[in-house]
Amino acid sequence: MTYTILQKKIEDIIINDSKVLQCSSNQLKKLQGDSFSNISRHGKYCFLQTNQDYFLILHFGMTGNVKYYKNGSDPKHASLIVLFSNGYKFAFINVRKLGKIFFSQDKNQFIKKMGLGSDAFSLSKNEFIKMLQYKKGIIKSTLMDQKTIAGIGNIYSDEILYHSSIHPKRKTGDFSKHELSSIYKNMQKIFQVAIDIKVQLDHFPDYYLINRRKPAMKCGLCKGTIERKKINGRSCYFCNKHQK
DNA sequence: CCCCATGTTGTAGG
DNA sequence: TCCTACAACATGGG
């Protein structure tokens with residue numbers, strides 16, 4: 001039971017980059033002497049709960065990561081390091097500094113304050129349909145809107161629509177419940193695969209879009225070709241043949 | 001070297 | 001309301 005940050009006494013918190021801090025350093029000091037008791041997630045936010053029911057909350061941005069280690073030097077770009085009494089350290093690595101660190105005493109209140117929708121992997125099919133069926137904009141934007149559903153980002157929204165044979169610019173409000181149900185099922189399937197492979201992106205099956213995110217690449221599902229379009233300021237990849 | 005891309009989000013302006 | 005552009009930032013590929 002050494003290789004977990006749970007139930008280890010927190011000796012100190014080192015802040016190397018205060019710009020990513022969305023709370024005061026005094027709030028982080030409250031964690032000293034306590035230990036983490038539970039880890040959970042809502043959308044793209046990771047909640048580290050302590051025995052006093054405080055929450056250290058991490059958002060990873062595009063390049064956020066964590067490392068639990070004992071020997072050797074601290075990783076590059078470690079925005080924050082938690083020192084434990086067993087000599088281990090826990091680093092929040094944040095290369096592009098797009099990640100953020102929060103503190104809260106109430107997880108649900110935090111979720112509400114951030115305006116997050118239900119977690120994409122937890123919500124039911126009926127709830128999914130209810131949230132989407134009357135939305136205005138295009139389906140890719142809707143899927144990525146954290147206030148509607150929390151947790152879907154750029155590559156996963158593309159992957160879901162690719163598996164659902166749906167063009168990313170179709171209007172969300174135009175879909176039948178049956179089509180929304182199909183999107184939901186593909187979302188669940190893709191998330192489960194991601195979990196199964198521990199989110200090592202190069203372990204996704206070859207035919208997945210994630211392996212084909214380059215213009216002019218061949219589609220993995222039909223004879224089509226992959227195209228790129230800017231949507232929401234992000235690169236959207238899709239098949240020009242089977243996504244209608 | 002430059003230019004462009006990249007698992008994100010908030011804001012400004014049309 | 002919704003879409004676009006852009007800023008924040010570091011790194012790697014061509």
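Residues numbered from 1 in each chain as written. Chains lettered and ligands numbered in written order. Predicted model: local features only at pLDDT ≥ 70, side-chain atom pairs only at ≥ 80, totals over all residues. Heavy atoms only, no water.

## Concerning the side chain of K140
Applicable threshold: In this text, helices come from DSSP runs of H or I with a minimum length of four residues, and strands from runs of E with a minimum of two, each type numbered from the N-terminal end. Whenever a nitrogen or oxygen atom comes within 3.5 Å of another N or O atom, the pair is scored as a polar contact, on the condition that within protein one atom can donate a hydrogen and the other can accept it, and that pairs from neighbouring residues in sequence are kept only if both atoms are in side chains. Here, residues are in contact when the closest pair of their heavy atoms is within 4.5 Å.
Tracing the sequence through the fold places K140 in helix α4 (residues 139-144). A polar side-chain atom of K140 sits 2.7 Å from a polar atom in the side chain of N154. Discounting residues that sit within four places of it in the chain, K140 has contacts with N154, S157, D158, L161, P168, I231 and C236.

## Notes on the pattern of salt bridges
Short version of the rule: Salt bridge, as applied in this entry: a Lys or Arg side-chain nitrogen positioned within 4 Å of an Asp or Glu carboxyl oxygen.
Counted according to the given criterion, the structure contains seven salt bridges. With a closest N to O distance of 3.0 Å, D74 and K89 form a salt bridge. Highlighted residues: D74 in the loop between β5 (64-69) and β6 (78-84) and K89 in strand β7 (residues 89-94), separated in sequence by 15 residues. Across the pair K140 and D158 runs a salt bridge whose closest N-O atoms are separated by 2.8 Å.

## Some points on unusual backbone geometry
In plain terms, the rule: Only protein chains enter the accessibility calculation, which uses a 1.4 Å probe; a residue is then buried when its area is under 20% of its type maximum, exposed when over 50%, and partly exposed in between.
Here V199, not a glycine, exhibits a phi torsion of approximately 55°, which is positive. According to the relative accessible area criterion, V199 is partly exposed, its value standing at 47%. Phi is positive for A216, close to 75°, though the residue is something other than glycine. Turning to its location among the elements, A216 is positioned in the loop between α6 (177-196) and β11 (226-231).

## Regarding the protein's contact with DNA strand B
The line we're drawing: A single heavy atom is enough: if one lies within 4 Å of a molecule or strand, its residue is considered near that molecule or strand. Under the convention adopted here, Pro, Cys and the residues Ala, Val, Leu, Ile, Met, Phe, Trp and Tyr are nonpolar, Asp, Glu, Lys and Arg are charged, and Gly plus all remaining residues are polar.
Not every one of the 16 residues close to DNA strand B is listed here, only the nearest: K44, H59, V199, R234 and S235. Across the atoms of DNA strand B situated within 4 Å of the protein, the share located in sugar and phosphate is 66%. The contact in question runs from a phosphate oxygen of DNA strand B to an N or O atom on the side chain of R213, over 3.5 Å. Of all the secondary structure elements, the ones that give two or more residues to the surface near DNA strand B are α5 (154-163) and β12 (234-239). Top element by residues in the surface near DNA strand B is β12. It accounts for three residues. Of the residues assigned to the surface near DNA strand B, the class counts are five nonpolar, six polar and five charged.

## Brief notes about the packing of aromatic side chains
Defined as follows: Aromatic pairing here means that ring centres of Phe, Tyr or Trp (its six-membered ring) are within 6.5 Å. Orientation follows from the plane angle: under 30 degrees is stacked, over 60 is edge-to-face, and everything else is tilted. For a ring to carry a charge above it, either NZ of a lysine or CZ of an arginine must fall within 6 Å of the ring centroid while also lying within 35 degrees of the normal to the ring plane.
Inspection of every chain in the model, using the stated rule, returns 16 aromatic pairs. Between F128 and Y184, the ring centres sit 5.4 Å apart and the planes meet at 55°, which makes this aromatic pair tilted. Of this pair, F128 sits in helix α3 (residues 125-132) while Y184 sits in helix α6, placing them 56 residues apart in sequence. Across the ring face of F47, the terminal group of K107 is positioned such that the distance to the ring centre comes to 5.1 Å.

## Points about the protein's contact with DNA strand C
Every residue close to DNA strand C is listed here: K19, H77, V95, R96, K97, L98, K136, G137 and I138. The separation between a sugar or linking oxygen of DNA strand C and a polar main-chain atom of V95 is 3.4 Å. The contact in question runs from a phosphate oxygen of DNA strand C to an N or O atom on the side chain of K97, over 3.5 Å. Grouping the amino acids of the surface near DNA strand C by side-chain chemistry returns three nonpolar, two polar and four charged.

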